[in-house]
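Coordinate inspection notes
Single-letter residue listing:
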Amino acid sequence: MTKRILVAVDGSTEATEALRFAADEWPDAELTALHVINPADSATGAEGGFSGASDQWYDSAKGRGERVLSEATGAVDQTVETRLEVGRPTKTILDVAGGETPVGGDDGSGEPFDHVVLASQGRTGISRVLLGSVAEGVVRRAEVPVTVVR
């Protein structure tokens, strides 16, 4: 049975390295690169802003996400499926890994993944407390093995 590996990518060099690691470590696996658009990154928020601001923000974020996925998958010599979802990064990664489709998200295959790979940004101290850690949240709550690449 072919192993299914989910790799979270956020546009960072570390995330691209995590995808390279997964491709090298599991050359026969089905790789899926996932980019999560976080609504909390919207400068307009749910209220205020001008008419159409949230649509403009989403279109911009979607374009950036597509570029992130294209650049990351272009860095490996292996076929990589891509997924673009909207939501809180930790929860969305966990949902996709478990085979669930996040609300309003990609249909995906509905099949759970066998393994999750993601990068650690290496935050420590107060920045880790204030910003939280997607990697830590995924490691603590995932129901499948997780590899964190540093």
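Each remark here, short or long, concerns the structure printed above.
As a starting point, this report considers the structure included with it. (Residues numbered from 1 in each chain as written. Predicted model: local features only at pLDDT ≥ 70, side-chain atom pairs only at ≥ 80, totals over all residues. Heavy atoms only, no water.)

Here we look at helix H5 (residues 134-141)
Helical geometry: 3.6 residues make up each α-helical turn, so side chains three or four residues apart lie on a common side. Heads up, the condition is: Burial here depends on accessible area, computed with a 1.4 Å probe over protein chains only, as a share of the maximum for the residue type. Under 20% is buried, over 50% is exposed, and the range in between is partly exposed. The helix count covers DSSP runs of H or I at least four residues long, the strand count covers runs of E at least two residues long, and both are numbered beginning at the N terminus. Read the arc as the range of directions from the helix axis to the C-beta atoms. Whether two residues are in contact is decided by their heavy atoms, any of which lying within 4.5 Å being enough.
Those residues of H5 lying buried are Ala135, Gly137 and Val138. For H5, the buried positions fall inside an angular range of 165 degrees around the axis, keeping them on one side. Against the buried residues of H5 lie helix H3 (89-97), strand S4 (115-119) and strand S5 (146-149).

Digging into the pairing of strand S1 (residues 4-8)
Our working rule: For two strands to count as paired, DSSP must find a minimum of two bridges between them. Assignment of crossover handedness uses the view with strands pointing away from the viewer, where a clockwise path from the first strand over the helix to the second indicates a right-handed crossover.
Burial analysis of S1 places five of its five residues in the buried class, which makes it a mostly covered element. What you see with S1 is no split at all: Arg4, Leu6 and Ala8 on one side and Ile5 and Val7 on the other are buried throughout. As judged from the five bridges shared by S1 and strand S2 (residues 30-37), these two strands associate in the parallel manner. When the bridges of S2 are listed, arginine 4 appears paired with glutamate 30. Crossover S1 to S2 through helix H1 (residues 13-25) is right-handed. Bridge count for S1 against S4 is three bridges, and the pairing is parallel. If you follow valine 7 over to S4, its bridge partner there is valine 117.

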